[in-house]
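# Structural characterization, general
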Amino acid sequence: MGPLSLPRTVSILGSTGSVGLSTLDLLDKVGEEVEVAALVAGRNSELLAQQALKWRPKVAVVEDETALPDLRERLSGSGIRAAAGASAVVEAAAMEAQWVMSAIVGFAGLAPTLAAARTGAIVALANKESLVCAGPALLRAAKLAGGAVIPVDSEHSAIFQVFERENVQHISRLILTASGGPFRTWTRQAMSAATREQALAHPNWSMGAKISVDSATMMNKGLEVIEASYLFAMPPERVDVLIHPQSIIHSMVEYADGSTLAQLGPPDMRTPIACAFAWPDRLPWDAPKLDLTRTGPLTFEAPDPERFPALEVAKQALRSGGMAPAAMNAANEVAVAAFLDRRIGFLDIAATVAETLERLDADGALDGGGDALERAKDTDATARRVASGLVAGPLRSRTA
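Rules of the game
- Residues numbered from 1 in each chain as written.
- Predicted model: local features only at pLDDT ≥ 70, side-chain atom pairs only at ≥ 80, totals over all residues.
- Heavy atoms only, no water.
- Helix = DSSP H or I, 4+ residues; strand = E, 2+ residues; numbered from the N terminus.
- Rg over C-alpha atoms; globule rule 2.2 N^0.38 Å.
- Buried < 20%, exposed > 50% of the residue type's maximum accessible area, 1.4 Å probe, protein only.
- Contact = heavy atoms within 4.5 Å.
- Areas by Shrake-Rupley, 256 points an atom, 1.4 Å probe, with all protein chains shown as cover.
- Lys, Arg positive; Asp, Glu negative; His and termini not counted.
- Charge placed at Lys NZ, Arg CZ, Asp CG, Glu CD.
- Arc of directions from axis to C-beta.
- Pairing = 2+ DSSP bridges.
- Axes fitted to C-alpha atoms, helices over the stretch in contact; angles between N-to-C directions.
- Salt bridge = Lys/Arg side-chain N within 4 Å of Asp/Glu carboxyl O.
- Phe/Tyr/Trp six-rings, centres within 6.5 Å; stacked < 30°, edge-to-face > 60°.

## What about the overall build of the chain?
- Secondary structure summary: the chain contains 16 helices and 11 strands in total.
- Since a compact globule built from 400 residues should have a radius of gyration of about 21 Å, the 21 Å found for the chain is in line with a globular shape.
- Among the 400 residues that make up the chain, the fraction classed as buried is 55%.
- Contacts spanning at least 24 positions in sequence make up 67% of the contacts within the chain whose residues lie at least 6 apart.
- Surface accessibility of the chain: about 16,900 Å² in total, with carbon and sulfur atoms responsible for 50%.
- Seen as two clouds, the 37 positive and the 46 negative side-chain charges of the chain have centres 2 Å apart.

Here is the structure:
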């Protein structure tokens, strides 16, 4: 086996979040020498400074400008430049690097991800919203620049690994697996009283608050359906979801000859990160290995559309096209934030998203066209205004 051709310069957007921490942990365990161009965080200046002092990036950026004085003080005398604000985040993303981890949560990750793609870097994509809001534009930008977008979400990484591009015409469907989240067996009535703490208690994965709530509503799987459709050029009707509570099979590709190829592994984000880091090679490291003799039975079930309506809301947004997915994402971010602030109930999240899309569709506000980033920003702002009004008042479906 010859030497691996691994990236030597990297940037990590979202370094203090769960994916960013897993990325740095992987790089630490592998022991490969890498030069870090930029580390970017949201507001955790203390942890960002600790990371910067260890990894010595050229710049450390915090999106929240109020955290800049603290970051500067912590990095004083280190020679590491500190910066803050949305424009500084985009500038960091556009720095020269061979490999960029895009793990900023939410719509805020779109502009920096596009900036990274336009440099020709390999973009390891953990930010769902970039694809949901501007998937075709992002993939086109990466291709034109000579780079690539490699998915890091465990489900899309799984498909990426067993997707035979030379046989794409023989692929019947993509099957995304879902854990079912913490409310998989709950009744709709019980879910109506679900608390913030219960929604954040994911049974298999350690994730941030927003992503954990998306898993509980299954909106995360709806977002992933949209991502998969864009990433693999697959029509919506050929992307399915299957609940698999053990999270051992991460996703599958079904072929016309009856073969179904699956990628399996323990639920550990470092594995898909390692895949994206070494692609097209494989990275030897002390990875957790799968022991099927100890996993117990693997079970599967269809998602219940009555208890988890967010999945169908997302599929309808994908079928509608245009800016509907971007509007859906914005409304969901508003609704999840309201739930985490205890201003609305759990079932109100999907209801808010659905009603926002209905109102914007009726107003003709979801057509595509124009610059992808600017159109996405306009749609995002409009949808947030509508959704914010809904969470502040009565929802038609709130008592459904």
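## Topic: helix α3 (residues 68–75)
- Along α3, the residues classified as buried are Leu68, Leu71 and Leu75. Here the buried residues of α3 occupy an arc of 60° about the axis, which is enough to place them on one side. Facing away from the buried side of α3, by more than 90 degrees, are the exposed residues Pro69 and Glu73.
- Lining the buried residues of α3 we find α2 (45–55), β3 (59–62) and β4 (81–84).
- At the exit of α3 stands glycine 77, carrying a positive phi of roughly 85°.

## Considering the sheet that holds β4
- The strand order across the open sheet formed by 7 strands is β4-β3-β2-β1-β5-β6-β7, and the pairing between neighbours is parallel. Looking at which strands have only one partner, the edges of the open sheet turn out to be β4 and β7 (148–151). Averaged over all adjacent pairs, the angle separating strand axes in this sheet is 15°, with direction ignored.
- Here strand β1 (residues 9–13) pairs with strand β2 (residues 35–41) via 5 bridges, running parallel. Bridging from a neighbouring strand, valine 10 pairs with valine 36 of β2.
- Its contacts with the sheet put α3 on β3 and β4, and the angle it makes with β4 is roughly 175°.
- Set on the sheet, helix α6 (residues 128–145) makes contact with β6 (122–125) and β7; between it and β7 the angle comes to about 140°.

## Some details on the pattern of salt bridges
- This model, assessed by the stated rule, comprises 24 salt bridges.
- Between glutamate 197 and arginine 342 there is a salt bridge; the shortest N-O distance is 2.6 Å. Here glutamate 197, found in helix α9 (residues 196–200), pairs with arginine 342, found in the loop between α14 (324–340) and α15 (348–362); they are 145 residues apart in sequence, far enough to count as distant.
- Among the ionic pairs, lysine 221 bridges to glutamate 224, the shortest N-O distance being 2.7 Å. In this pair, lysine 221 and glutamate 224 both sit in helix α11 (residues 219–231), 3 residues apart, roughly one turn of the helix.

## Here's the deal with the packing of aromatic side chains
- Enumeration according to the criterion identifies 6 aromatic pairs in this entry.
- Taken together, a centroid distance of 6.1 Å and an interplanar angle of 55° make the contact between phenylalanine 160 and tryptophan 279 tilted. On the criterion of sequence distance, the pair formed by phenylalanine 160 in helix α7 (residues 154–162) and tryptophan 279 in the loop between α12 (270–278) and α13 (310–320) is long-range, its members being 119 residues apart.
- By relative accessible area, phenylalanine 160 is classed as buried at 13%.
- Members of the aromatic cluster, connected to one another through ring pairs, are Phe183, Trp186, Phe339 and Phe346.

## Concerning unusual backbone geometry
- In this structure, the amide linkage connecting tryptophan 279 to the following residue, proline 280, adopts the cis form with an omega of 5°.
- Relative to the elements of secondary structure, proline 280 occurs in the loop between α12 and α13.
- The backbone of methionine 218 shows a phi angle near 70°, a positive value even though the residue is not glycine.
- Checked against the element boundaries, methionine 218 lands in the loop between α10 (209–217) and α11.
- Even without being a glycine, alanine 233 presents a positive backbone phi close to 50°.
- In this fold, alanine 233 is placed in the loop between α11 and β9 (239–243).
- Classification of alanine 233 as exposed rests on a relative accessible area of 68%.

## Concerning the environment of valine 152
- With respect to the helices, strands and loops of the structure, valine 152 is situated in the loop between β7 and α7.
- Excluding residues that lie within four positions of it along the chain, valine 152 makes contacts with Met101, Ala124, Leu125, Ala126, Ser157, Met269, Pro272, Ile273 and Ala276.

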